[in-house]
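Coordinate analysis (summary)
Residues per chain are reported as follows:
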Amino acid sequence: MAEEETPQPLGESQGANAPKDKKEWAKKSELHMVKGRNLTRDILTRLRENEIAEAANKMAAMENANREKEMKKIEVAKKATKHTEVIVTSFKCIQDIEEVILQTEDSCSKLRHEKYAGFAALQVCVRRLELRAERPAAETFDDRLHQALKGEKKTLEDCRKQIEAYEKEGHQIVKDVQAKRAELSRDTGERRLDMAHDKAELIAAIMVPAASASANAHLDGVQEEGAPAEGEEEAPKEAVKEEAPKEGEAPPEGAAAPSPKNGNPKKIIEETNSLLSRAHNFRLKSLAYVQEAKFKAQQAGAYCDECLSRRCHDLAETKKSLEQSALDVDAAIDTASRALNRTQKRLDPRDKKKAEKLQSDMQVLKALKDTRAALGEDIRNKFAALEIDNMCRRVTPQKADAAAAEKLKKSGSQAGLGATSGGEDMNSTAATMGEAGNESMKLPPIEGATPAN
């Protein structure tokens, strides 16, 4: 069994004989192969003639046996060398596969962490949309904040889908390279077993006494002309065994011997290199997309926070202006009420013109009171919307997760209850869910001054 050898670098004398170009290199190799075939044919012809000439000699069987032993040694050494080359290449591929598995699993881990972070941001976005759905009807227009929240939700959902696709691809790559690693390990083991089997056969052939072949030839007498001796029966069998793979696969001279079960090892190495290249490209793509998804999520979140802050500011300013207008209207109503009351007391019933004027003023005062009521309603709507948007600003992933779990628990409990207890459970749940919101949604009275924030 040949030991694994590391190719040595060319010396200065060898470097001086290096071919100038590829054409000269190929021509030189072709000449060597032609010369080798010619010499091989010549030497085989000479050897056959020598074997025929030595057939009559009593010592031919012993010499032929020794020659066959040497040939078998050379053959086993050549096969061991070819197997060793394939084993060394396979071992390096296995090491590369182990590294690729670690890198791919690391990429999948980064993708999973980014998916979790995106899911937390998605829960916050969904919770904000749920809260804003409870705004008063007068405030439920499609403002820029609502558009920003919907855009953030779509961005996060798209990133999540893409990350899941990358995770699936990464897991498939890990399965493929693990299967290829098992195939390389099996091929390596089979080649080592083949080498051990060849070595055992070689040892058994060498241990056969050389005199036995001569004794058998003496007992059997002179054989037919051109027929090989008993010691020579191994040669044609081995020759046929060696030529069989050449006819089926036609490997070039010096190529690695194909495994008896897995076929040509060149194909296995090419498939392995293709898998390694695929895993490398996946790592580059996945890491780049992790950064891209993180940037998109941060950009969408920052834009939503900016829109939310601006919306709260606009609501607060509008509410403040409405409250100031309501104070002015209250003062005007109070002044007009007192003045019209005095006028009504001093009015002469016979003066129809003043009576009509008073009636017209009373209608204006009534319209002013209606406007005051509309202002109060608008103030309540602005207050409710501002409270909801402030609640949106205070939403965290933990609060959003707790709200989602509570909603899921509530829906599960409602599905398990009967029709009789369903109404009570819904009322108690609504009271529990609305307790905190009702505290913050208490509105100031319409009449009088409204306290500012």
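Remember, it's a predicted structure, so these values are computed and weren't measured experimentally. (Residues numbered from 1 in each chain as written. Predicted model: local features only at pLDDT ≥ 70, side-chain atom pairs only at ≥ 80, totals over all residues. Heavy atoms only, no water.)

1. Overview of the overall build of the protein
Of the regular secondary structure elements, the protein holds ten helices and zero strands. In the protein, the order of α-helices and β-strands from amino to carboxyl end is α-α-α-α-α-α-α-α-α-α. Evaluated residue by residue, the protein yields a buried proportion of 28% over its 453 residues. Partitioning the intrachain contacts of the protein with sequence separation of at least 6 by distance along the chain shows that 86% fall at a separation of at least 24. Accessible area for the protein stands at about 29,700 Å²; split by element, carbon and sulfur atoms hold 56% of it. (Helix = DSSP H or I, 4+ residues; strand = E, 2+ residues; numbered from the N terminus. Buried < 20%, exposed > 50% of the residue type's maximum accessible area, 1.4 Å probe, protein only. Contact = heavy atoms within 4.5 Å. Areas by Shrake-Rupley, 256 points an atom, 1.4 Å probe, with all protein chains shown as cover.)

2. Observations concerning the packing of aromatic side chains
Inspection of the entire model under this criterion finds two aromatic pairs. Relative to Tyr-289, the ring of Tyr-166 lies with its centre 5.4 Å away and its plane at 45°, an arrangement referred to as tilted. Of this pair, Tyr-166 sits in helix α4 (residues 144-207) while Tyr-289 sits in helix α7 (residues 265-346); the two residues are 123 residues apart in sequence, bridging distant segments of the chain. As far as the burial class goes, Tyr-166 and Tyr-289 line up, both buried. In textbook terms, an aromatic cluster arises when at least three aromatic residues are bridged by ring pairs, as seen for Tyr-166, Phe-282 and Tyr-289. (Phe/Tyr/Trp six-rings, centres within 6.5 Å; stacked < 30°, edge-to-face > 60°.)

3. Points about the packing of α7 against helix α8 (residues 352-393)
Where α7 contacts α8, the axes come no closer than 8 Å and their chain directions differ by 160°. When the axes of α7 and α8 are compared, the pair comes out roughly antiparallel. By crossing handedness, the relation of α7 to α8 is classed as left-handed. Classifying every residue of the contact of α7 with α8 gives 21 nonpolar, seven polar and eleven charged. (Axes fitted to C-alpha atoms, helices over the stretch in contact; angles between N-to-C directions. Parallel < 35°, antiparallel > 145°, perpendicular 65-115°, else oblique. Left-handed = near helix turned anticlockwise from the far one by under 90°. Nonpolar A, V, L, I, M, F, W, Y, C, P; charged D, E, K, R; others polar.)

4. Quick notes on the nonpolar core
Among the nonpolar cores identified, the biggest contains 22 residues, and Ile-97, Leu-111, Val-177, Leu-184, Phe-282 and Tyr-289 are the most heavily contacted of them. Mapped by element, the contributors of at least two residues to this core are α3 (60-132), α4 and α7. In terms of residue count, α7 provides more of this core than any other element does, nine residues in total. When near neighbours in sequence (up to four residues on either side) are disregarded, Phe-282 contacts Thr-104, Ser-107, Cys-108, Leu-111, Tyr-166, Glu-169, Gly-170 and Ile-173. Listed in part, the 18 residues of the second largest apolar core include Leu-149, Cys-312, Cys-392 and Ala-400. (Core = buried A, V, L, I, M, F, W, Y, C linked by side-chain atoms within 4.5 Å.)

5. A few points about the packing of α4 against α7
Contact pair α4 / α7: the axes reach a minimum separation of 9 Å and the direction vectors enclose 165°. Relative to α7, α4 is oriented roughly antiparallel. α4 and α7 meet at a crossing whose hand is left-handed. Each residue belonging to the contact of α4 with α7 can be placed in one class, and the counts come to 24 nonpolar, six polar and 15 charged.

6. Section: a nonpolar patch on the surface
A surface patch of nonpolar side chains, about 250 Å² in accessible area, is lined by Ile-43, Leu-44 and Leu-47. Residue placement: Ile-43 occurs in helix α2 (residues 22-53). (Patch = residues over 30% accessible without salt bridge, like charges linked within 9 Å, V, L, I, M, F, W, Y side chains within 5 Å. Salt bridge = Lys/Arg side-chain N within 4 Å of Asp/Glu carboxyl O.)

7. Side note on the pattern of salt bridges
Summed over all chains, the structure comprises 35 salt bridges. Residues Glu-139 and Arg-311 are paired through a salt bridge, measuring 3.4 Å at the closest nitrogen-oxygen approach. One end of the pair, Glu-139, is in the loop between α3 and α4; the other, Arg-311, is in helix α7, and 172 residues separate them in sequence. Arg-311 shares its class with Glu-139; the two are buried. Ionic contacts of the salt-bridge type, sharing partners, join the residues Arg-132, Arg-135, Glu-139, Asp-143, Arg-311, Asp-378, Lys-382 and Asp-389 into one network.

8. Quick word on the confidence of the model for the protein
In regions of low pLDDT, the predicted coordinates are not meant to be interpreted in detail. Model confidence for the protein is summarised by a mean pLDDT of 76, while 73% of its residues fall at 70 or above. Mean pLDDT across the elements of the protein bottoms out in helix α6 (residues 234-249) (40) and peaks in α7 (90). This stretch, residues 210-257, has a pLDDT under 50; its non-local contacts, to residues over four places away or in other chains, come to 40 contacts. Throughout residues 418-453 the model reports pLDDT below 50, and contacts reaching past four residues in sequence, or to other chains, amount to 37 contacts. (pLDDT = per-residue confidence, 0-100.)

9. Some remarks on the side chain of Lys-319
Its location among the elements puts Lys-319 in helix α7. At a separation of 2.7 Å, a polar atom in the side chain of Lys-319 contacts the side chain of Glu-323. (Polar contact = N/O pair within 3.5 Å; in protein donor to acceptor, adjacent residues only side chain to side chain.)

10. Looking at the state of the cysteines
Counted according to the given criterion, the structure contains zero disulfides. Lacking any disulfide linkage, Cys-307 is separated from the closest cysteine sulfur, that of Cys-304, by 6.5 Å. (Disulfide = S-S within 2.5 Å.)

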